[in-house]
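Read off the chains here:
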Amino acid sequence: MIRRYTTYILSSLMALATAACSGNDIAGDVPGNGNTAHTGETVLFTVGATENAEGRTRAEDNASANDAKTYYMPDGSRFVCRMYYIAKDGTDEIDITGTDQTTFLKVSGNVGNSLYWNRMYTDAQQTDEYGNDYYAPCFYWQNRKKHVFLAWTDLNHAKTMAYGETPGSLKFEPADIMYGTSAGHAASEENGAEELPANVFSLKRTESMRSIADQPDVVRAIKEQEPIGATQAANRVNLYFKHQFALVEMNIKNSADNSVMINSDDILSAELLGVSEEAYLFTTVDKDGKVEPTTYKDVNVTDYTDEQLAENPYGTAFSLFDMYDADKDNNGYATGYLKSFNGITFGQLQAIRIRWKENTTGIIHTVVYRVTKTDLQNMESGKRYVWNMELRRGTLAVIRAEIADWEIDPTQYAADGTIKDKF
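Residues numbered from 1 in each chain as written. Predicted model: local features only at pLDDT ≥ 70, side-chain atom pairs only at ≥ 80, totals over all residues. Heavy atoms only, no water.

A. Highlighting the overall build of the protein chain. Broken down by element type, the protein chain carries three helices and 23 strands. The contacts of the protein chain with a sequence gap of at least 6 include a subset with a gap of at least 24, amounting to 68%. Of the roughly 19100 Å² that the protein chain leaves accessible, carbon and sulfur atoms contribute 45%. (Helix = DSSP H or I, 4+ residues; strand = E, 2+ residues; numbered from the N terminus. Contact = heavy atoms within 4.5 Å. Areas by Shrake-Rupley, 256 points an atom, 1.4 Å probe, with all protein chains shown as cover.)

Below is the structure:
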C-alpha cells in the first residue's frame, strides 16, 4: 500500500513515525527493534483528567463521565501532542533529537476517544474508516520499547483554538519556541541555568476578560508506554491532563464583631499582589522521558517606579473575577458570604488587597493581608487555594485558608469557569 507522507517530515525515520492517517496498517517496511509485533500500528488515544480513568479507555466500555470520578475531556476538545521513543538497541535513553514528532488531535464522543486532525482544525477533505482526517499526520508504534507522549491544550479554549503564530496558540513548533529555564523562574543568562524550549503564557488580566473562562487554563499530559498489549486497543494511550497553573477562590463576609456591616455591592475588588505575569510550559522531554515542571517569571520590583511601589510594594496586582451568577443559589457566591471571587494565577502570592466602601458615606477603604505561610505563598500547579476572609474595621482577617487539588469535571466546569465542591 502506498502512503502519502506529510511535507514537513524531517527524515525518513520520522516519516515512518508520523505517516498520514489512511488506515491502521502500514506497508511492512517499518524498521523495528526487538519484538516488532505492534510496529506500524496506529497509536490510539483516550484523554481524561484523572488517573481514576485507568481501565475506562474505550467507547465500547460505555463508561459514564461521572463513573468513579472519571472525567473525560469534553467532545470536540483539541490538543497537540509530541511523541518520542527509544530508537537504538542497547540503551534505555530516549532519542530526543531524532524521534520527536508532532500531531494534532480532537476528542470525539463522551469518553475521551481522540481523532487525528489537521492543525488548523478545518473540515477534513477526506476521513478514513475510523474518522481520522485522512491527510493528518498519525503516530505509529516504532518498536516494542518505551515511547513518550507529551501533550497540552488550553482547557478554556480547547474547542476553538488551533495552530497559529501568536503566543498561546496550539503548537509545539520549533520555529515558534520561546525560552524558559529549568533552574530559575525565567530565561536568564546570568544564572547559568540550562535553557529549554517552552511556550510562554501571559497571566495578566486584560480589559476584555469577564471571568476565568477568558483566561488561559493550560493543561498538560505526559505518558510513557510500551506497546506490549495483545491488541492495538490494549495499547491505547491514556493521556491524563493536569492543570499547570493555580486556581484561587476568595469568599468575603462582614465582621463577626459588627465593625463592618456592608452589602455585597460595597465590596469593590479583591486582588492578589506579587503574583507572576508570565508562565512557561516546557515543550520537550529529557533522555529519561521526563519534562520540567511548568514554572513562571519572578517579579522583579526594580522594574517598577517609586510611585508604583508606593501604591503596591509587591509590583504586580491581579484583580480576581466577581463570581456573580443570577441563576445560582446565593448569586453564585459561597453560602454564608457576601461575595466570592476567583481567578487563575501562578507564582508567589505576597499579599491580598481588598477594597470596600461604606454604604452610608461612600468612603472607600483599602485593606491588605500579607501572606506569610510558605505553602500559601508558593502556589503550585494543579492546586486551588480557597481563602475565607472577614472584613473588620481597618483590617482583614482570615477565617480559613485551604489548599486542595484542582479537579477537572466537565459536567461542572461551567462557562464562568467555577469549580464544584466549594469548601
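B. Broad picture of the side chain of Gln-215. Mapped onto the elements of the fold, Gln-215 is located in the loop between strand S7 (195–202) and strand S8 (218–225). Polar side-chain contacts of Gln-215 include one of 2.7 Å to the backbone oxygen of Ile-344. When sequence neighbours within four positions are dropped, the list of residues in contact with Gln-215 reads Asp-154, Asn-156, His-157, Met-209, Phe-318, Phe-321, Gly-343 and Ile-344. (Polar contact = N/O pair within 3.5 Å; in protein donor to acceptor, adjacent residues only side chain to side chain.)

C. Highlighting the confidence of the model for the protein chain. Mean pLDDT over the protein chain stands at 81; residues scoring 70 or higher make up 77%. Segment residues 1–16 is flagged for pLDDT under 50; beyond a separation of four residues in sequence, or across chains, it makes 35 contacts in the model. Note on residues 409–423: pLDDT is under 50 here. Beyond four places in sequence and across chains, it has 47 contacts. (pLDDT = per-residue confidence, 0-100.)

D. Layout of the sheet that holds S8. Strand order in the open sheet formed by six strands is S4-S3-S2-S5-S8-S10, with antiparallel pairing between adjacent strands. Of all strands in the sheet, those bounded by a partner on one side alone are strand S4 (114–117) and strand S10 (242–243). (Pairing = 2+ DSSP bridges.)

E. Structural view of the pattern of salt bridges. In total, this model carries 13 salt bridges according to the counting rule given. One salt bridge in this structure joins Lys-146 and Glu-224, with 3.8 Å as the shortest N-O distance. In this pair, Lys-146 is assigned in the loop between S4 and strand S5 (147–154) and Glu-224 in strand S8, connecting sequence segments 78 residues apart. Given a relative accessible area of 16%, Lys-146 falls into the buried group. (Salt bridge = Lys/Arg side-chain N within 4 Å of Asp/Glu carboxyl O. Buried < 20%, exposed > 50% of the residue type's maximum accessible area, 1.4 Å probe, protein only.)

F. Expanded view of the environment of Leu-105. For Leu-105, the position within the fold is in strand S3 (residues 101–107). Separated by 33 residues in the primary sequence, Leu-105 and Cys-138 have C-alpha atoms spaced 9.2 Å apart. Ignoring sequence-local partners within four residues, the contact set of Leu-105 consists of Phe-45, Ser-77, Arg-78, Phe-79, Cys-81, Ser-114, Leu-115, Tyr-116, Trp-117 and Tyr-121.

G. Looking closely at the environment of Gln-125. Counting through the fold element by element, Gln-125 comes out in the loop between S4 and S5. Separated by ten residues in sequence, Gln-125 and Tyr-135 have C-alpha atoms that sit 8.1 Å apart.

H. Inspection of the side chain of Asn-388 at higher detail. Within the secondary structure, Asn-388 sits in strand S22 (residues 383–392). In this structure Asn-388 comes out as buried when scored by relative accessible area, which is 2%. A distance of 2.8 Å separates a polar atom in the side chain of Asn-388 from a polar atom in the side chain of Asn-251. Setting aside anything within four residues of it in sequence, one finds Asn-388 in contact with Asn-251, Tyr-337, Ala-397, Val-398, Ile-399 and Arg-400.

I. Molecular detail of the pairing of strand S17 (residues 339–345). For S17, the tally of buried residues reaches seven of seven residues, placing the bulk of the element in the interior. Burial along S17 is two-sided: Lys-339, Phe-341, Gly-343 and Thr-345 facing one way and Ser-340, Asn-342 and Ile-344 facing the other are all buried. For strand S11 (residues 246–253) and S17, the ladder comprises seven bridges, and the chain directions are antiparallel. Bridge pairing links Val-248 to Gly-343 in S17.

J. Representation of the sheet that holds strand S20 (residues 364–370) within the structure. Judged by pairing direction, the sheet is antiparallel, and its four strands sit side by side in the order S15-S12-S19-S20 without closing on themselves. Single-partner strands in this sheet number two, and they are strand S15 (317–319) and S20. Going from strand to strand, the sheet's axes swing by 25° on average, the running direction of each strand aside. Here strand S12 (residues 267–273) pairs with S15 via three bridges, running antiparallel. Across the sheet, Leu-273 pairs through a bridge with Ala-317, a residue of S15. (Axes fitted to C-alpha atoms, helices over the stretch in contact; angles between N-to-C directions.)

K. Examining the nonpolar core more closely. Core analysis: the biggest nonpolar cluster contains 63 residues, and Met-250, Ile-352, Ile-354, Trp-387 and Leu-391 have the highest contact counts within it. Here this core gets five residues from one element, more than from any other, and that element is S11. Formed by 25 residues, the second largest nonpolar core is a distinct cluster that contains Phe-79, Cys-81, Met-83 and Tyr-116. (Core = buried A, V, L, I, M, F, W, Y, C linked by side-chain atoms within 4.5 Å.)

L. Looking closely at the pairing of S3. By the criterion of burial, S3 is predominantly enclosed, with six of the seven residues buried. The pairing of strand S2 (residues 78–85) with S3 spans six bridges and is antiparallel. Its bridge partner lying in S3, Val-80 is registered against Phe-104. For S3 and S4, the ladder comprises four bridges, and the chain directions are antiparallel. Across the sheet, residue Leu-105 finds its bridge partner in S4, namely Tyr-116. Here S3 hands over to S4 after six residues, with Gly-109 in that stretch at a positive phi of 100°.

M. Representation of the packing of aromatic side chains within the structure. The final tally for this structure, using the stated rule, is 17 aromatic pairs. Each ring, one from Phe-245 and one from Phe-346, has its centre 5.8 Å from the other, and the planes form 45°; the classification is tilted. In this pair, Phe-245 sits in the loop between S10 and S11 while Phe-346 sits in the loop between S17 and strand S18 (347–348), placing the two residues 101 residues apart along the sequence. Residue Phe-245 is classed as buried on the basis of its relative accessible area, which comes to 1%. For Phe-346, a relative accessible area of 2% corresponds to the buried category. (Phe/Tyr/Trp six-rings, centres within 6.5 Å; stacked < 30°, edge-to-face > 60°.)

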